Amino acid sequence: MDRRQADARHHRVKRWLTGAAILAALPGAAFAQESEADTKGVLSLTVENDSLSSGADRNYTSGIRLGYVSPAEGVPDWLQGAGGFTRAFSNSAPDFWGIAVGQSIFTPEDINAVPAPADQHPYAGWLYVQISVGAEEDRSDGRAPRYLDSYELELGIVGPSAMGEEAQSGIHEWLGAPDPQGWDSQLEDEIAFAASFDRRWRALRLFGDFLGGIEADLTPSAGVSLGTLRTEARVGLAARIGQRIDSDYGPPRVRPSLAGLEHFRGGPLSWSVFAGVQGRAVAHNLFLDGNTFEDSASVDRTPFVADFQTGFSLSAGAVRLAYTYVWRTEEFETQPTRQDFGALSLSVRM
C-alpha cells in the first residue's frame, strides 16, 4: 500500500469514526437530558376548599398540603431498608421518596348551631405528616415499566391540638365570613395513622401525534389503606387529553382523593384536560366514626363512596399549575346531598 492509498484509508476511517461518534452522541444527549430531568425534586402546595367550588362550609371543608418528592434515585440511607419490601411487591428497589405536612378541617353543614347537630358531620381537625416511597417496576427485558407503586405512612393528631378551630376561624375572619360556633363538640385529641399502598399503571395510550401532537390516555389505579385513621380499599380510572401528557401521573391531591404525584418532567409546554372517578369501600373513617378510645360525636358511615373529578393541568419550564373540581357522593347516612369542592396545586422543580 503506497502513501497516497494509506492517507486515503486514514481519512475514510477518520470520517467513519467521526460519524459514529456523532450517532452515538445523539442518544447520549437525549439520555443526558433525561438524566438532568431526574436530578431535581419537586415541591408542591395543594389547597382543597369548598370556596373553590360552591363556597358552602360543610363536611370536608378545607385541606392544605405541602409536599416534596426527591429526584430519581434520591432515597436516603435510612429508607433504603424498604428495598426488600418494594422488591417483593413492586419488583424494584425504591426509586424516590417524599415527605409532606398538612392539615384538614371537617365541619357540619350548620356551623351556627350550638351544640353542633348530632346528625351532621362532626367537627374535626387533622394535623399530620406523610412519608412515602415510590418504586417503578424493573423489567429484565429492557422494556418500559408497566406500573408505579407508592408506599405511604400518614401519622398525625386529630382533635383540638390539630388547631382546626383556629385555622377556620382565622380564614373566616380574613374573608369576612360567619365564625363557626360549634367547635366545642369536635373530636377529642387522638394520635392516628394510616399505612397506604397504591399502584398506578402506565398510561394506556389511545392515540398520539394527532392534530399537532394531541394525545390521550387512560390510567387505572388501585390501592388500600389500613389504620386507626382510615381503612379502605379503592379503585380508580383517569382519562386525559392534551400535549406531552406522559410528563406526569396527574397533579397531587389530599387523601383520600383520587391523586396523582408531585413528580413532573418540566421542560416545554405541557397541558392536559382530565376526568376521573374513584370508588372506595370504607371500613373505618375516624372523622365519621368518632374517637377510637373514648366517646365522641359520630354519624353512621356509608360503606361505599365515589369521587368524580374533572380539571386541567398546565406546566412550562419548572412550574406546574393544576385545578380540579370534585364532587363526592354521600359519606354518611344522614348526609342530605353530595359534596363538591375545588383543589388547586402549584408545583415547582427545584
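Residues numbered from 1 in each chain as written. Predicted model: local features only at pLDDT ≥ 70, side-chain atom pairs only at ≥ 80, totals over all residues. Heavy atoms only, no water.

**Here we look at the pattern of salt bridges**
Which entries qualify depends on this criterion: Whenever a carboxyl oxygen of Asp or Glu lies within 4 Å of a side-chain nitrogen of Lys or Arg, that contact is scored as a salt bridge. Only DSSP runs of H or I reaching four residues or more are called helices, and only runs of E reaching two or more are called strands; each is numbered from the N terminus. A simple rule labels every residue: compare its accessible area, found with a 1.4 Å probe on the protein chains alone, to the largest value its type can have, and call it buried under 20%, exposed over 50%, or partly exposed in between.
Considering all chains together, one arrives at 16 salt bridges under this definition. Of the charged contacts, one joins Arg230 and Glu154 as a salt bridge, the two residues approaching to 3.0 Å between their closest N and O atoms. Here Arg230, found in strand 9 (residues 230-243), pairs with Glu154, found in strand 5 (residues 147-158); they are 76 residues apart in sequence, far enough to count as distant. When its relative accessible area of 2% is taken as the criterion, Glu154 is described as buried. Asp248 is the partner of Arg240 in a salt bridge, and the nearest nitrogen-oxygen pair spans 2.8 Å. The class of Asp248 is buried, set by a relative accessible area of 11%. Taken together, the shared-partner salt bridges in this structure form one network comprising Glu152, Asp198, Glu232, Arg234, Arg255, Arg280, Asp307 and Arg328.

**Brief notes about the nonpolar core**
Nonpolar side chains tend toward joint burial in soluble globular proteins. What counts here: Joining through side-chain atoms within 4.5 Å is the link that ties buried Ala, Val, Leu, Ile, Met, Phe, Trp, Tyr and Cys residues into a set, and such a set is a nonpolar core. Any pair of residues with heavy atoms lying within 4.5 Å of one another is described as a contacting pair.
Counting residues in hydrophobic clusters, the biggest one holds 15 residues, and the most contacted among them are Ala124, Trp126, Val158, Leu229 and Phe287. Counting residues per element, the ones that place at least two in this core are strand 4 (124-136), strand 6 (190-201) and helix 4 (286-289). Per-element tally for this core: the top contributor is strand 4, with 3 residues. Sequence-distant contacts of Ala124, defined by excluding residues within four places in its chain, comprise Ser104, Ile105, Phe106, Val158, Trp183, Gln186, Leu187 and Phe287. Ile105, Ile111, Tyr123 and Trp183 belong to the second-largest nonpolar core, a separate cluster that totals 5 residues.

**Here we look at unusual backbone geometry**
Looking along the chain, the bond that leaves Val114 and enters Pro115 is cis, with omega of 0°. With respect to the helices and strands, Pro115 occurs in the loop between strand 3 (96-107) and strand 4. The omega torsion of the bond from Arg255 to Pro256 falls at 10°, within 30 degrees of zero and hence cis. Counting through the fold element by element, Pro256 comes out in the loop between strand 9 and strand 10 (267-285). Not every positive phi belongs to a glycine, and Asn59 is a case in point at roughly 60°. The residue Asn59 is located in strand 2 (residues 59-69) in this model. Within the chain, Arg244 stands out as a residue other than glycine whose phi angle is a positive 55°. When you line up the elements, Arg244 lands in the loop between strand 9 and strand 10. Assessed through its relative accessible area of 25%, Arg244 is described here as partly exposed.

On their own, these measurements won't tell you what the molecule is for.
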